[in-house]
Amino acid sequence: MIRSLIYSLTFHSAMILITILSLPFMLREPIDLPPIVSVELIQISDKTNIPYAPKARKIIEETKKKEEERLVSEQAPPSAKAKEKPDRIPLPNEKKEEKKIVKKKQNPEEVKPEIRQSSEFEKKEIVDTNQIAALIDKAKEEEAINQKKTDKITQSNQKNSFATGLTLSEEDALRAQIFGCWSVPLGLPYNEDLLVRIKLNLKKDGTISKSEILDHQRMNRPGQKFYKVLAESALRAVRLCQPLKVPPTGYDKWKEIQLNFNPTEMLKG
Amino acid sequence: MKKLLVIILLNFLLFNKSYALIEVDITRGNLDPLPIAVSPLHVDIKSENYTDIKVKELGENISEIIEKNFKGTGLFNPLKKEAFVQKPDIAHLKPRFEDWRLIKAQALVSGKLLIKDGKLKVEFRLWDLAAAKEMTALAFTTTPSNWRRVAHIISDKIYERLTGEEGYFDTRIIYVAESGPKSQRVKKLAIMDQDGAKTKYLTLGNELVLTPRFNPTNQMVTYMSYFRNMPRVYLLDIETGTQEVVGNFPGMTFAPRFSPDGKKIVMSFAKDGNSDIFTMNLETRVVEKITNHSSIDTSPSFSPDGKFIAFNSDRSGLQQIYVMRSDGSGVKRITFGNGIYGTPVWSPRGDLIAFTKMRKGKFYIGVMRTDGTGERLLTENFYQEAPSWSPNGRVIVFYRETKAGLKGEGFSAKLWSIDITGYNERQLKTETDASDPSWSSLLTK
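These numbers were taken from a predicted model, which means no experiment stands behind them. (Residues numbered from 1 in each chain as written. Chains lettered and ligands numbered in written order. Predicted model: local features only at pLDDT ≥ 70, side-chain atom pairs only at ≥ 80, totals over all residues.)

Here we take up the overall build of chain B. In terms of helices and strands, chain B carries 5 helices and 31 strands. Counting only C-alpha atoms and orienting by the principal axes, one finds that chain B spans roughly 95 × 70 × 50 Å. Burial statistics for chain B: of 445 residues in total, 43% are counted as buried. For chain B, long-range pairs separated by at least 24 residues make up 43% of all intrachain contacts whose partners lie at least 6 apart in sequence. (Helix = DSSP H or I, 4+ residues; strand = E, 2+ residues; numbered from the N terminus. Buried ≥ 20, exposed ≤ 12 C-beta atoms within 10 Å, placed from the backbone. Contact = placed C-beta atoms within 7 Å.)

Residues and elements named next belong to chain B. When cut into domains, chain B gives domain 1 (34-163) and domain 2 (172-439). On a C-alpha basis, the centres of domain 1 and domain 2 stand 36 Å from each other. If you look at the interface, domain 1 gives 5 residues, while domain 2 gives 8 residues. The leading source of residues in the side of domain 1 that touches domain 2 is helix H2 (residues 55-73), at 3 residues. In the side of domain 1 that touches domain 2, the residues fall into no nonpolar, 3 polar and 2 charged. (Domains from an automatic or database assignment. Nonpolar A, V, L, I, M, F, W, Y, C, P; charged D, E, K, R; others polar.)

What follows covers the pairing of strand S20 (residues 308-313) of chain B. Across a regular strand the side chains alternate sides, sitting on one face of the sheet and then on the other. All names here are of chain B. Extensive coverage of S20 is indicated by the burial of 5 of its 6 residues. By the bridge criterion, 4 bridges tie strand S19 (residues 297-302) to S20 in an arrangement that is antiparallel. Each bridged residue has a counterpart across the sheet, and for Phe302 the counterpart in S20 is Ile309. Turn length for the S19-S20 hairpin, with the two strands adjacent in sequence and antiparallel, is 5 residues, and the turn residue Gly306 shows positive phi of about 75°. (Pairing = 2+ DSSP bridges.)

What follows covers the nonpolar core. B:Tyr175, B:Ile353, B:Ala354 and B:Ile396 are the most contacted members of the largest nonpolar core, which has 65 residues in total. Sequence-distant contacts of B:Ile353, that is, excluding residues within four places in its chain, are made with B:Ala310, B:Pro344, B:Val345, B:Trp346, B:Ser347, B:Val367, B:Met368 and B:Thr370. Core analysis: the next-biggest nonpolar cluster, separate from the first, contains 64 residues, A:Ala237, B:Ala107, B:Ile115 and B:Tyr159 among them. (Core = buried A, V, L, I, M, F, W, Y, C linked by C-beta atoms within 7 Å.)

A few words on the interface of chain A and chain B. Opposite the 42 residues of chain A that make contact, chain B presents 25 residues. At the level of elements, helix H7 (152-164), helix H8 (168-181), helix H9 (225-241), helix H10 (251-254), strand S3 (256-261) and helix H11 (264-268) of chain A are the ones that each hand at least two residues to the side of chain A that touches chain B. With 10 residues, H9(A) is the largest single contributor of residues to the side of chain A that touches chain B. Pairing of S3(A) with strand S1 (residues 22-26) of chain B involves 5 bridges; the strand directions are parallel.

Its 17 residues give H9(A) an end-to-end C-alpha distance of 25 Å, which sits within 8% of 24 Å, the value for a rise of 1.5 Å per residue. Of the positions making up H9(A), those classed as buried are A:Tyr227, A:Val229, A:Leu230, A:Ala231, A:Glu232, A:Ser233, A:Ala234, A:Leu235, A:Arg236, A:Ala237 and A:Val238. (Expected span 1.5 Å × (residues − 1).)

Residues and elements named next belong to chain B. The end-to-end C-alpha separation of helix H5 (residues 147-163) is 24 Å, in line with the 24 Å expected for 17 residues at 1.5 Å each. Burial analysis of H5 places 13 of its 17 residues in the buried class, which makes it a mostly covered element. Immediately beyond the C-terminal end of H5, within one or two residues, lies Gly164, with a positive phi of roughly 85°.

With that out of the way, let us pick up the pairing of strand S24 (residues 352-359) of chain B. Residues and elements named next belong to chain B. The element S24 is extensively covered by neighbouring structure, given that 6 of its 8 residues are classed as buried. The antiparallel pairing of strand S23 (residues 340-346) with S24 creates a hairpin that spans 5 residues between the two strands, and Gly350 there sits at a positive phi of about 90°. Inspection of the sheet shows S24 paired to strand S25 (residues 362-369) by 8 bridges, in the antiparallel sense. Across the sheet, the residue bridging to Ala354 is Val367, located in S25.

Moving on, we come to the sheet that holds strand S26 (residues 376-381) of chain B. Two strands in a sheet stick together by hydrogen bonds in their backbones, pointing the same way (parallel) or opposite ways (antiparallel). Residues and elements named next belong to chain B. Strands sit in the order S23-S24-S25-S26 across an open sheet of 4 strands; the sheet is antiparallel. Each edge of the open sheet carries a strand with a single partner, namely S23 and S26. Going across the sheet, the axis of each strand differs from the next one's by a mean of 20°, ignoring polarity. (Axes fitted to C-alpha atoms, helices over the stretch in contact; angles between N-to-C directions.)

The next point concerns the sheet that holds strand S1 (residues 196-202) of chain A. One open sheet accounts for 4 strands, arranged S2(A)-S1(A)-S3(A)-S1(B); its pairing is mixed. Two strands bound the open sheet, and with one partner strand each, they are strand S2 (208-213) of chain A together with S1 of chain B. Averaged over all neighbouring strand pairs, the angle between strand axes comes to 25°, with direction disregarded. Where S1(A) meets S2(A), 5 bridges bridge the pair, whose relative direction is antiparallel. The residue of S2(A) that forms the bridge with A:Ile198 is A:Ile213. Here H8(A) sits on the sheet in contact with S3 of chain A together with S1 of chain B, set at roughly 45° to S1(B). Contacts from H9(A) reach S1, S2 and S3 of chain A, with the element oriented near 30° to S1(A).

This part covers the packing of H8(A) against H9(A). Residue and element names in this part refer to chain A. Relative to each other, H8 and H9 sit at 115°, their axes nearing to 8 Å. Compared by their axis directions, H8 and H9 come out roughly perpendicular. When you trace H8 past H9, the crossing you get is right-handed. When H8 is examined against H9, the residues Gln177, Ile178 and Cys181 are found in contact with a partner set consisting of Ala237, Val238, Leu240 and Cys241. Across the contact of H8 with H9, the residue classes break down as 6 nonpolar, 1 polar and no charged. (Parallel < 35°, antiparallel > 145°, perpendicular 65-115°, else oblique. Left-handed = near helix turned anticlockwise from the far one by under 90°.)

In this section: the confidence of the model for chain A. Looking at chain A as a whole, its pLDDT mean stands at 68, while 50% of the residues score no less than 70. Contacts of residues 148-163 of chain A to residues separated by more than four positions or lying in other chains number 18 contacts, the stretch itself having pLDDT below 50. (pLDDT = per-residue confidence, 0-100.)

Now for the packing of H2(B) against H5(B). All names here are of chain B. Running from N to C, H2 and H5 point in directions that differ by 45°, and their axes come no closer than 9 Å. By the angle between their directions, the pair H2 and H5 is classed as oblique. Pair H2 / H5 crosses with right-handed handedness. Listed contacts from H5 to Leu58, Ile62, Ile65, Ile66, Asn69 and Phe70 of H2 are Trp147, Arg148, Val150, Ala151, His152, Ile154 and Ser155. Tallied by class, residues from the contact of H2 with H5 come to 9 nonpolar, 3 polar and 1 charged.

Take a look at the structure:
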């Protein structure tokens, strides 16, 4: 009797425990209803006749004026610049802003300041600003160095446009012309050095007066038969392309030119 | 001393005034076939007549073979003869380069031939038209009946001069010529020039023949024949026609191939459902067991230096390609891709292995590096297999069968070739249906 009582008690107490523990979780939080706001729907005409409050009218008029002014200033030449004193040294922040504007004007693909010059005059100007910027802002200088290190294309383009006097478009025109003339021999080995350097002496009309393969000795070395074939194909390309597409001016700069033929990437791709 | 200083200073000043050299990188070109003009060879008027040869047309015929060879490579574009301005009798002396440049040719082949005292003398020159200079010039003397080979040799020399690689035109292909309905196929050994000319049948077709392979000197052929219904590996001397069984194996031998020095034959020997790879020395007749495994090891192929053997085996479950040293040690599996791999063939250059792959009911011919990396599938089809390398390791020949109908109709087997670049796939012309091709090495080195 006692035993069954104990059973019943423990069982019941267990049940009570479970209900105490589990039931509160089942309780839902009461929905927090916002107080009811009564809205009365009334018909209104398209335009209200109610006059503006005097303060509000003032504000509206002021903002309208401002907007008009802004529009005018956007269309007209920058007035802020004209107001500046000519001998005032520009602050670094201002300089940056000015540069940004220049960037936007340029071809969007050519973002780097070094690349985007296309004429001699422009070049000088931008070199100056760069120098000033670099003087003022040390961080900019570092950035420029980093850029040089990381971006090889920038470097080579810079080399060509600064040091040699062929602009990017002139160089591209020449390159595209030779691409078309060069039949790359297909039996080349993939894992050998395939760089052929050819030095050309050009006449004013772009015809070749003298051509020279710079690694000439390699052509006759044993096991380098492919190199001879490659060098000859490059030379053939140059001759077939005559007259080369050279710029109309600056003959002194391009009367000697070196072409570096390297089909490695092409063969791998 | 002062003078010297002044000179040095002056030098510096002058140097500073000069401009740095413009450098332009050219990293691309076109891969269009090189336009080449092959002028018909000029026939010397002193030439004598020779039996069975139309001397007057010989110059034209030789140039046509050269043109056909070039066209087949996909690397050259032989220009049409109608466009030629200069006639062959003048062109062989010194060409007017402007005339040839006018038709956009970049290279010109010219030459002349003379038959005198029963000998054919052929001279040819290869001209670089852009540079206006001679690139190579050679002369050959041979019996007039050999004129086709002269054309192939000239093609090889020009190919080598223009691509930097050995040519593959003066070569032959041995194959199994097939005829008759699919259920009763007659198979004969046949040999032809690589351009499909001069086909010769080496066996009569009474018994089934398979997998013929040249030895390095192209004099001997090893193949498998079902002579008296006993499949065995045989050796055939092409010149004399003598045949012999290779080794005295108590069972079926198959898939033979010569070692690069030509002294050994490597093959498979099957007994009781197991097949292993054996070599036999042709001089001493000593037989060596190379693999010893309970699986099916077959299709052995030596590396060109003779140090390794590639073969296929099903020891891992599915058939895959393995490489081992030529004494059987250091077995290493090299294929792990999806599908079944077979018929490995080591390239004559030693850098690649060609293979057949079967996956999802399709057959592929592919190449990979000798360690199994860089797998490239060149061609896919319903059924194709048995790749064989051209001697310069640039082209692969294989055979392809078409799907047959229920009664075997529409069935055919043809030889095809493809560049290792995967381009320039073309069918080789054979007199009959053909399978199991094997490319010889160059006949003249």
